Amino acid sequence: MKILSIQSAVAYGHVGNSAAVFPLQRIGVEVLPVYTVNFSNHTGYGAWRGPMISPDNVREVLLGIEERGVLPQIDVVLSGYQGGEGIADVILEAVERVKAANPDAVYSCDPVMGNAKSGCFVAPAIPVLLRDRVVPAADIITPNQFELGFLTGTEPDTLESTLASVDLVRATGPRTVLVTSVERPDREDGTIEMLAVDDSGAWLVQTPYIPMKANGSGDVTAALFTAHYRRTGDLAEALARTTSSVFDLLTRTYESGERELQLVESQDAYANPKLEFKPQRVR
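What you see is a predicted model; the values in this text were computed from it and never measured.

Novice: It is not clear to me how the environment of Val 98 should be interpreted in this structure. Could you clarify?
Specialist: Along the chain, Val 98 turns up in helix α3 (residues 86-101). The exposure class assigned to Val 98 is buried, which follows from its relative accessible area of 1%. Along the sequence, Val 98 and Gln 73 sit 25 residues apart, while their C-alpha atoms lie 8.7 Å from each other. Once you skip the residues sitting within four places of it in the chain, Val 98 turns out to touch Leu 4, Leu 71, Ile 74, Val 77 and Ala 105.

As structure tokens, then:
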């Protein structure tokens, strides 16, 4: 499998491609990382150095890849955080070119906007751009529950309302939806869930909640789920493998006391997930 991953990169820590690439490689995926920024560290520190890469320069890198004749071999285009409006056009152009070269290729979009605790943390134009142009072009999306609400103009909280919101967003284009950070009011205390839906049905998985902010964990989740789902076509298996790997990564990071993901130290969790959490069919 080959994944063209158009995301940010940092020298210190793990977000964007700096979070997604190694776990994908560890499960045997060939990744072509294309960077949209090249920062010293993620912006959550409040200070960082390094350049945003202009849409034209990102486009040049993608053109160079195309000139190598690689596009027919690409199985997935993956995108995450979009720092500026211009990069969306570049990503959508890349998706169009890859699909023209390989009609079986899919586009997986993590529509990063924010979360329930801190609200939106992207430029005001980005959520609208994602909702109106980018998400409708995607085959797979991986929003959190907060982002799902924005995409659909709803406030999902219960399982029923979250499923209804998923149905609304699926009607706009993407057939497969992974909803992360699902927090139902009637769930067990100290737990958190993920919900995955495609044409075959809907599956919910629950894990203990780990009380930490983990920048980059959503990037790992989107990457692993996309790869497992693309490889197997089995929604429940992709959800189970992703959940196990990410839970072990977060547990190791929490126990380390470090702020950054213990990405390398957790590598066996990607290649050999314990599969300790069994998804339940909910539809």
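Novice: Explain the environment of Val 106 to me, please; I cannot follow it from the model alone.
Specialist: Relative to the elements of secondary structure, Val 106 occurs in strand β4 (residues 106-109). Placed 31 residues apart in sequence, Val 106 and Ala 137 show a C-alpha to C-alpha distance of 9.8 Å. Leaving out residues up to four positions away in the same chain, Val 106 has contacts with Asp 75, Val 76, Val 77, Lys 99, Asp 139, Ile 140 and Arg 230.

Novice: Mind showing me how you'd approach the packing of helix α2 (residues 55-67) against α3 here?
Specialist: Geometry of a packed helix pair, given as the angle between the helix axes and the separation of the axes. In contact at an axis separation of 9 Å, α2 and α3 are set at 15° when each is read in the N-to-C sense. Regarding the angle of α2 to α3, the classification is roughly parallel. In this structure, α2 meets α3 at a crossing whose hand is right-handed. Taking contact as the criterion, the partners of Pro 55, Val 58, Arg 59, Leu 62 and Glu 66 in α2 are, on α3, Gly 86, Ile 87, Asp 89, Val 90, Glu 93, Ala 94 and Arg 97. A breakdown of the residues in the contact of α2 with α3 according to their chemical character gives 6 nonpolar, 1 polar and 5 charged.

Novice: Honestly, the side chain of Glu 260 in this entry has me stumped. Any pointers?
Specialist: Within the secondary structure, Glu 260 sits in the loop between α8 (235-256) and α9 (267-271). We note that Glu 260 is buried and unpaired, the nearest opposite charge coming from Arg 259 at a distance of 5.3 Å. Side-chain polar atoms of Glu 260 contact the side chain of His 42, separated by 3.5 Å. When residues no more than four places from it in sequence are discounted, the contact partners of Glu 260 are Tyr 12, Gly 13, His 14, His 42, Tyr 45 and Thr 253.

Novice: How should helix α6 (residues 159-170) be read in this particular structure?
Specialist: Side chains that are three or four residues apart share a direction in an α-helix, a result of its 3.6 residues per turn. In a regular helix each residue adds 1.5 Å, so 12 residues correspond to 16 Å; α6 covers 16 Å between its end C-alpha atoms and thus fits that length. Turning to α6, the residues buried within the fold contact β7 (140-141), α5 (145-152), β8 (176-182), β9 (191-198) and β10 (201-208).

Novice: Even after reading the chapter, I still don't get the pattern of salt bridges, so can you show me in this structure?
Specialist: Where charged atoms from two side chains of opposite charge come close, those side chains can pair. The tally for this structure, following the rule as stated, stands at 15 salt bridges. Measuring nitrogen to oxygen at the nearest pair gives 2.9 Å for the salt bridge that ties Arg 59 to Glu 93. Here Glu 93 lies in helix α3 and Arg 59 lies in helix α2, a separation of 34 residues in the sequence. Overall, Glu 93 belongs to the partly exposed group, its relative accessible area being 32%.

Novice: Any chance you could explain the pairing of strand β2 (residues 30-39) here in plain terms?
Specialist: Each regular strand shows side chains that alternate between the opposite faces of the sheet. With 8 bridges connecting them, strand β1 (residues 2-10) and β2 associate as parallel partners. Each residue of the ladder has a partner; that of Ser 5, found in β2, is Pro 33. Following the backbone out of β1, through helix α1 (residues 17-26) and into the adjacent parallel β2, one traces a crossover that is right-handed.

Novice: Help me understand the packing of aromatic side chains, please; the structure alone is not making it clear to me.
Specialist: Both the distance between ring centres and the angle between the ring planes are used here to describe each pair of aromatic rings. Evaluated as defined, the whole model comprises 5 aromatic pairs. Residues Tyr 12 and Tyr 45 carry aromatic rings whose centres are separated by 6.3 Å and whose planes lie at 50° to one another, so their mutual orientation is tilted. Taken together, the residues span a long stretch of sequence, with Tyr 12 in the loop between β1 and α1 and Tyr 45 in the loop between β2 and α2 at a distance of 33 residues. Relative to Tyr 270, the ring of Phe 22 has its centre 6.4 Å away and its plane inclined at 80°; by these criteria the two rings are edge-to-face. A residue pair is termed long-range when its members are at least 10 positions apart, and Phe 22 in helix α1 and Tyr 270 in helix α9 qualify at 248 residues.

Conventions and cut-offs
- Residues numbered from 1 in each chain as written.
- Predicted model: local features only at pLDDT ≥ 70, side-chain atom pairs only at ≥ 80, totals over all residues.
- Heavy atoms only, no water.
- Helix = DSSP H or I, 4+ residues; strand = E, 2+ residues; numbered from the N terminus.
- Buried < 20%, exposed > 50% of the residue type's maximum accessible area, 1.4 Å probe, protein only.
- Contact = heavy atoms within 4.5 Å.
- Axes fitted to C-alpha atoms, helices over the stretch in contact; angles between N-to-C directions.
- Parallel < 35°, antiparallel > 145°, perpendicular 65-115°, else oblique.
- Left-handed = near helix turned anticlockwise from the far one by under 90°.
- Nonpolar A, V, L, I, M, F, W, Y, C, P; charged D, E, K, R; others polar.
- Lys, Arg positive; Asp, Glu negative; His and termini not counted.
- Salt bridge = Lys/Arg side-chain N within 4 Å of Asp/Glu carboxyl O.
- Polar contact = N/O pair within 3.5 Å; in protein donor to acceptor, adjacent residues only side chain to side chain.
- Expected span 1.5 Å × (residues − 1).
- Pairing = 2+ DSSP bridges.
- Right-handed = clockwise from strand over helix to strand, strands pointing away.
- Phe/Tyr/Trp six-rings, centres within 6.5 Å; stacked < 30°, edge-to-face > 60°.

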